[in-house]
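# Chains, contacts and geometry: an overview
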Amino acid sequence: MSAGALATLVTEIPSPSTGVWWLGPVPIRGYALSILLGIVVAVWVAQRRIVSRGGTAGQVLDISAWAVPFGILGGRIYHLITSPQPYFGVGGNPWAAIRIWEGGLGIWGAVALGALGAWIGCRRHGVAFGDFADAVAPGYLVAQALGRFGNWFNNEIYGPPTDLPWGLRIYEWDQQAGHAVIDSAGNPMVKGVFHPTFLYEALWCLALAAFILWFERQHRLRRGQAFALVVIGYPLGRFFIELMRTDDANRIFGQRVNVWVSLLVIALGVVLYRRTGRAVDPVEAREPVEPVEPGEPVLAGEAGEAQVSGPDAQNSPASRHTE
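Report follows, based on the coordinates. (Residues numbered from 1 in each chain as written. Predicted model: local features only at pLDDT ≥ 70, side-chain atom pairs only at ≥ 80, totals over all residues. Heavy atoms only, no water.)

### Regarding the pattern of salt bridges
Let me state the cut-off plainly: Note on definitions: salt bridges are taken to be side-chain nitrogens of Lys or Arg within 4 Å of carboxyl oxygens of Asp or Glu. The helix count covers DSSP runs of H or I at least four residues long, the strand count covers runs of E at least two residues long, and both are numbered beginning at the N terminus. When a residue's accessible area, from a 1.4 Å probe over protein chains only, is under 20% of the maximum for its type it is buried; when over 50% it is exposed; and in between it is partly exposed.
Overall, the coordinates contain 11 salt bridges when judged by the stated rule. With its nearest N and O atoms 2.5 Å apart, the salt bridge here joins Arg 169 to Glu 12. With Arg 169 in strand E4 (residues 167-171) and Glu 12 in strand E1 (residues 12-13), the pair connects residues that are 157 residues apart, well separated along the chain. Glu 12 shares its class with Arg 169; the two are buried. Residue Arg 245 is joined to Glu 242 by a salt bridge in which the shortest nitrogen-to-oxygen separation is 3.1 Å. Using a relative accessible area of 9% as the deciding quantity, one classes Arg 245 as buried. Residue Glu 242 is classed as buried on the basis of its relative accessible area of 1%. When salt bridges that share partners are traced, they join Arg 148, Glu 201, Arg 238, Glu 242, Arg 245, Asp 247 and Arg 256 into one network.

In structure tokens, the structure reads:
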């Protein structure tokens, strides 16, 4: 390796000059592989966590069959609503609206419709939505971190120019072809070196996932609170990252749309965290259960549920019924 090449590796992060490879007639896209890998990891983490709470791994697969397609659809719809110009504006291409493999999935729409799909799956398979959301919370963050590398393959999602050692080399990009624009000498054309905001977001997601796992061990969380921490924490980091990004985006009052959405989602997360299901009070757990007379019908929420208390109350079979 030449001294110049070594110096380049030390002073900047390279980007791929192509984001699609062909296996015969089949295109293999880095963006799609990143998202698929994230989904696999999220499902695997959720399976381990749901089993540790008394459920089964198969429940996660059943619910994911609803959540994943809903999430992809929601992500694309959000992107089209917030960035309609390339598709429906002057000179836009409406048919490109369905080409999700070229990039363009809005995280807020993905979470919103993905949660709706998960809720439907939970209802159909008898799992409390809060239990599933908590189980998937850290895995979702890891999936988001992996999915961000799809932006790396597409040479997108970056900040202002920088000369920091971790600056990201970005090429002039042919989005439709999926590779860098080539100059007359056959070399990819370099656009510049920029802050790798995609990487900042990926690292933030991994740090937040680790924090949630640690926080769960230190505190007795109520059902839904682990997921609420995601709803608070992810947009907190995204807010500052959005302020750094320089790629084209629609704005409201001078700020990118996702800056305002981040603030709104943080507020929603705080409300969710404060209003999630109440944990069993230790004093209540020690109170005797009033006996039921022989032949007397037991109503839901009376004797049968009163006997489930203490630290395992939220993880008991009774708590896993559909909410």
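Still more ground to cover, so stick around.
### Examining a nonpolar patch on the surface
Heads up, the condition is: Like charges are joined within 9 Å and nonpolar side chains (Val, Leu, Ile, Met, Phe, Trp, Tyr) within 5 Å, but only among residues with over 30% relative accessible area and no salt bridge; these make up the patches. Throughout, the Shrake-Rupley method with a 1.4 Å probe supplies accessible areas, and for residues the shown protein chains are the sole cover considered.
A cluster of nonpolar side chains, Trp 204, Leu 236, Phe 240 and Leu 243, forms an exposed patch at the surface whose accessible area comes to about 380 Å². With respect to the helices and strands, Trp 204 occurs in helix H7 (residues 197-218). On the accessibility criterion, Trp 204 (32% relative accessible area) is partly exposed.

### Notes on the packing of aromatic side chains
Worth spelling out the cut-off: Here a Phe, Tyr or Trp ring, Trp counted by its six-membered ring, pairs with any other such ring whose centre lies within 6.5 Å, and the pair is stacked when the planes are under 30 degrees apart, edge-to-face when over 60, and tilted otherwise.
Evaluated as defined, the whole model comprises 13 aromatic pairs. For the pair Trp 66 and Phe 70, a centre-to-centre distance of 6.3 Å together with 45° between the ring planes defines the contact as tilted. You can see Trp 66 and its partner Phe 70 sitting in helix H3 (residues 57-82), 4 residues apart, about one turn around the helix. Counting every residue linked through ring pairs, the aromatic cluster contains Trp 21, Phe 149, Trp 152, Phe 153 and Phe 198.

### Quick notes on the sheet that holds strand E7 (residues 190-194)
Counted only if it meets this: For two strands to be treated as a pair, DSSP must find at least two bridges joining them.
Taking strand neighbours across the sheet as the criterion, the 3 strands line up as E1-E4-E7 in an open arrangement whose pairing is mixed. Two strands in the sheet have a free side with no partner beyond their single neighbour: E1 and E7. As defined by bridge partners, E4 adjoins E7 across 4 bridges and the pair is classed as antiparallel. Looking across to E7, one finds that Arg 169 is bridged to Val 193.

### A few points about the side chain of Arg 49
Rules: For this analysis, a polar contact is any N or O atom pair within 3.5 Å, provided that within protein one partner can donate a hydrogen and the other can accept it, and provided that sequence-adjacent residues contribute only side-chain to side-chain pairs. We call two residues contacting when some pair of their heavy atoms lies within 4.5 Å.
Note that Arg 49 resides in helix H2 (residues 30-52). A polar side-chain atom of Arg 49 sits 2.8 Å from the main-chain carbonyl oxygen of Asp 134. The contacts of Arg 49, once residues within four sequence positions are left out, are Asp 134, Ala 135, Pro 138, Leu 213 and Glu 216.

### A word on the packing of H7 against helix H8 (residues 225-244)
Put simply, the rule is: Geometry is summarised by axes, namely lines fitted to C-alpha atoms with helices restricted to the contacting stretch, and by angles between N-to-C directions that run from 0 to 180 degrees. Should an angle lie under 35 degrees it is considered roughly parallel, over 145 roughly antiparallel, and from 65 to 115 roughly perpendicular; all remaining angles are considered oblique. The sense of a crossing depends on the near helix, which, turned anticlockwise from the far helix by less than a right angle, makes the crossing left-handed and, turned clockwise, makes it right-handed.
The N-to-C vectors of H7 and H8 enclose an angle of 155°; their axes lie 10 Å apart at closest approach. Taken together, the axes of H7 and H8 are roughly antiparallel relative to one another. Crossing hand, H7 versus H8: right-handed. Every residue of H8 that contacts H7 at Thr 197, Tyr 200, Glu 201, Trp 204, Cys 205, Leu 208, Ile 212, Phe 215 and Glu 216 is listed here: Ala 226, Leu 229, Val 230, Gly 233, Tyr 234, Leu 236, Gly 237, Arg 238, Ile 241 and Met 244.

### Some words on the packing of H2 against H3
Which entries qualify depends on this criterion: In this count, Pro and Cys sit with the nonpolar residues alongside Ala, Val, Leu, Ile, Met, Phe, Trp and Tyr, while Asp, Glu, Lys and Arg are called charged and the others, Gly among them, polar.
For the pair H2 and H3, the least separation of the axes is 8 Å and the interaxial angle reads 140°. For the element pair H2 / H3, the angle class is oblique. In the packing of H2 onto H3, the handedness of the crossing is right-handed. Contacts from Ile 39, Val 43, Ala 46, Gln 47, Ile 50 and Val 51 in H2 reach Ala 57, Gln 59, Val 60, Leu 61, Ser 64 and Val 68 in H3. In terms of residue class, the contact of H2 with H3 is built from 9 nonpolar, 3 polar and no charged.

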